[in-house]
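Coordinates in review
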Amino acid sequence: MKLNELRDNPGATPKRTRVARGPGSGKGKMGGRGIKGQKSRSGVAINGYEGGQMPLYQRLPKRGFNVPNPKKYAVVNLGLLAKFIDAGKIDAKAPITEDVLVESGLVRRKLDGVRILAKGDFSAKVDLDVTGASKSAIEAVEKAGGSLKVKA
């Protein structure tokens, strides 16, 4: 097979219907738009309009609240952190801050901070200083003999 021999399967790209191009095309005269009326004109925008009836999106109740600028945290699982410590990419004896995690390559960027989650096995005695952590992650680090400090 060569580059100049590449082509679509037969019938994969159907011919585009050319509307309003004379009576012989079968879509001539009004171009499939019918006679008169709003939808036969150009510049019509009637999505969600139900002919004067209250539209469905207005009949349904509004619920909840979307935070316009939510905080986004870089997530680190304890199992991955343990892997990086075992590989020697992170020094367990020195305090582990968010900057250390970025330098080691475990976190690409800090975003609004780093959050530690408890997925995976963890047994290293470390001193962690991060923006957030789950309760189970704090327990796991303290059970291993380390400390996890969360910034307020």
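Quick note: structure is the one above.
So, here is what we can say about the structure in this document. (Residues numbered from 1 in each chain as written. Predicted model: local features only at pLDDT ≥ 70, side-chain atom pairs only at ≥ 80, totals over all residues. Heavy atoms only, no water.)

**A few points about the sheet that holds strand β4 (residues 127-130)**
Judged by pairing direction, the sheet is parallel, and its 3 strands sit side by side in the order β2-β4-β6 without closing on themselves. Two strands lie at the open edges of the sheet, namely β2 (96-97) and β6 (147-150), each paired on one side alone. Note: β2 against β4, 2 bridges, orientation parallel. Within the sheet, the bridge partner assigned to Thr97 lies in β4 and is Asp129. Relative to β6, helix α4 (residues 135-143) is tilted by about 145 degrees, and along the sheet it contacts β4 and β6. (Pairing = 2+ DSSP bridges. Helix = DSSP H or I, 4+ residues; strand = E, 2+ residues; numbered from the N terminus. Contact = heavy atoms within 4.5 Å. Axes fitted to C-alpha atoms, helices over the stretch in contact; angles between N-to-C directions.)

**A few points about the pairing of strand β3 (residues 114-117)**
The alternating pattern of β3 places Val114 and Ile116 on a buried face and Arg115 and Leu117 on a face that is not buried. Summarising the sheet, strand β1 (residues 74-77) and β3 pair through 4 bridges and their orientation is parallel. Bridge pairing links Ala74 to Val114 in β3. In this sheet, strand β5 (residues 132-133) lies alongside β3 in parallel orientation, the contact comprising 2 bridges. Bridging from a neighbouring strand, Ile116 pairs with Ala133 of β5. (Buried < 20%, exposed > 50% of the residue type's maximum accessible area, 1.4 Å probe, protein only.)

**Observations regarding the sheet that holds β3**
One open sheet accounts for 3 strands, arranged β1-β3-β5; its pairing is parallel. Edge positions in the sheet fall to β1 and β5, since each of these pairs with one other strand and no more. Helix-sheet contacts for helix α2 (residues 78-86) involve β1 and β3, and the interaxial angle to β1 is about 70 degrees.

**Re the pattern of salt bridges**
This structure, assessed with the given rule, holds 4 salt bridges. Here Arg59 makes a salt bridge to Glu50, at a shortest N to O gap of 2.9 Å. A relative accessible area of 45% means that Arg59 is categorised as partly exposed. You can call Glu50 partly exposed: its relative accessible area is 30%. (Salt bridge = Lys/Arg side-chain N within 4 Å of Asp/Glu carboxyl O.)

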